[in-house]
Amino acid sequence: MKLLEDRIRQDGVVLPGNVLKVNQFLNHQIDPQLMYEIGQEFARLFKERPVTKILTVEASGIAPAIMAGLVMNVPVLFARKKKPSTLDDRTYTAEVYSYTKKVTNTISVDSKFLSKNDHVLIIDDFLANGQAVKGMLEICKQADVKVEGVGIVVEKSFQEGAGWIKGQGIRLESLARISSFENDTVHFVGEE
Ligand code: 5GP
């Protein structure tokens, strides 16, 4: 998505540890117009899929997910990172190791918001090693829902998450695909 790549080139900051900071428009301050275009793009990419619900994880997945939900006219559910006070059979949970924070969080979803006949589109802001997506897939498995695909705003294609998701036979659509941060510069897949 050219608009997104241009914005990453303009405002993205490469940090040590292969982390891209995009606080200007996605992870702290949010550009609603760009998020809306991102939502439209996800809706276009998954238009043949019978999606009934979008699943993301708090906090930074919510902005792109809600815009996709608006355009696709489906509810948006976000997994919470705070451990629920009571763990019972009404809560689906998964362990997720955070790439940026280096801690393991338990993510959870109230089972009343996922039913067996749901068709779920998973959306997140970044894809690195795939831990967040794996956690959401685990929740989908517990809920016995059909996963229609994974939509990612920024994929770091040189890390292992993208290959792993495709290897599972799951459709993956990423709006910006980064091939490297060589010389502290963002390089996209397919560019010279
Ligand atoms: P993964 O679980 O795929 O290893 O990492 C994805 C999660 O870690 C995303 O939900 C995102 O919050 C965070 N993350 C991973 N890499 C980056 C990055 O380069 N920049 C930012 N801002 N977040 C990242």
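Definitions and cut-offs
- Residues numbered from 1 in each chain as written.
- Predicted model: local features only at pLDDT ≥ 70, side-chain atom pairs only at ≥ 80, totals over all residues.
- Heavy atoms only, no water.
- UniProt positions renumbered as here; feature names shortened; annotations may be inferred.
- Helix = DSSP H or I, 4+ residues; strand = E, 2+ residues; numbered from the N terminus.
- Expected span 1.5 Å × (residues − 1).
- Buried < 20%, exposed > 50% of the residue type's maximum accessible area, 1.4 Å probe, protein only.
- Contact = heavy atoms within 4.5 Å.
- Pairing = 2+ DSSP bridges.
- Axes fitted to C-alpha atoms, helices over the stretch in contact; angles between N-to-C directions.
- Parallel < 35°, antiparallel > 145°, perpendicular 65-115°, else oblique.
- Left-handed = near helix turned anticlockwise from the far one by under 90°.
- Nonpolar A, V, L, I, M, F, W, Y, C, P; charged D, E, K, R; others polar.

Per an unreviewed UniProt entry, the protein goes by the name Xanthine phosphoribosyltransferase and belongs to Ligilactobacillus ruminis. Listed under Catalytic activity (unreviewed entry) in UniProt, the entry text for the protein is "XMP + diphosphate = xanthine + 5-phospho-alpha-D-ribose 1-diphosphate". A UniProt comment under Subunit (unreviewed entry) is attached to the protein, and it reads "Homodimer."

Colleague: It is not clear to me how helix α4 (residues 131–143) should be interpreted in this structure. Could you clarify?
Modeller: Turn by turn, an α-helix covers 3.6 residues, leaving residues three or four places apart pointing in a common direction. Here α4 contains 13 residues, and its C-alpha end-to-end distance of 19 Å stays within 8% of the 18 Å for a straight helix at 1.5 Å per residue. Within α4, burial applies to V133, G135, M136, L137, I139, C140 and A143. Buried residues along α4 sit in contact with β3 (53–57), β5 (91–97), β6 (104–110), β7 (119–127), β8 (146–156) and α5 (161–167). One or two positions beyond α4, positive phi appears at D144, with a value near 60°.

Colleague: For this particular structure, what's the right way to read the pairing of β5?
Modeller: In the case of a regular strand, side chains alternate between the two sheet surfaces. When β5 meets β6, the two strands line up antiparallel, connected through 7 bridges. Residue pairing for β6: T93 is matched across the bridge by S108. If you look at the hairpin formed by β5 and β6, you'll find 6 residues sitting between the two strands, and K102 has a positive phi there, around 60°.

Colleague: Looking at this structure, how should I read the packing of helix α2 (residues 32–45) against helix α3 (residues 62–72)?
Modeller: Two quantities define a packed helix pair, namely the angle between the helix axes and the distance between the axes. Relative to each other, α2 and α3 sit at 55°, their axes nearing to 7 Å. Relative to α3, the element α2 is oriented oblique. Judged by the twist between their axes, the crossing of α2 over α3 is right-handed. Contacts between α2 and α3 pair P32, M35, Y36, I38, G39, Q40, F42 and A43 from the former with A63, P64, M67, A68, L70, V71 and M72 from the latter. Of the residues belonging to the contact of α2 with α3, the class tally is 13 nonpolar, 2 polar and no charged.

Colleague: Looking at this model, I keep getting lost on unusual backbone geometry. Mind explaining?
Modeller: The bulk of non-glycine residues show a negative phi, and the bulk of peptide bonds are trans. For the bond running from E58 to A59, omega is 0°, close enough to zero to count as cis. Secondary-structure assignment places A59 in the loop between β3 and α3. One non-glycine residue, D144, adopts positive backbone phi at about 60°. Relative to the helices and strands, D144 is located in the loop between α4 and β8.

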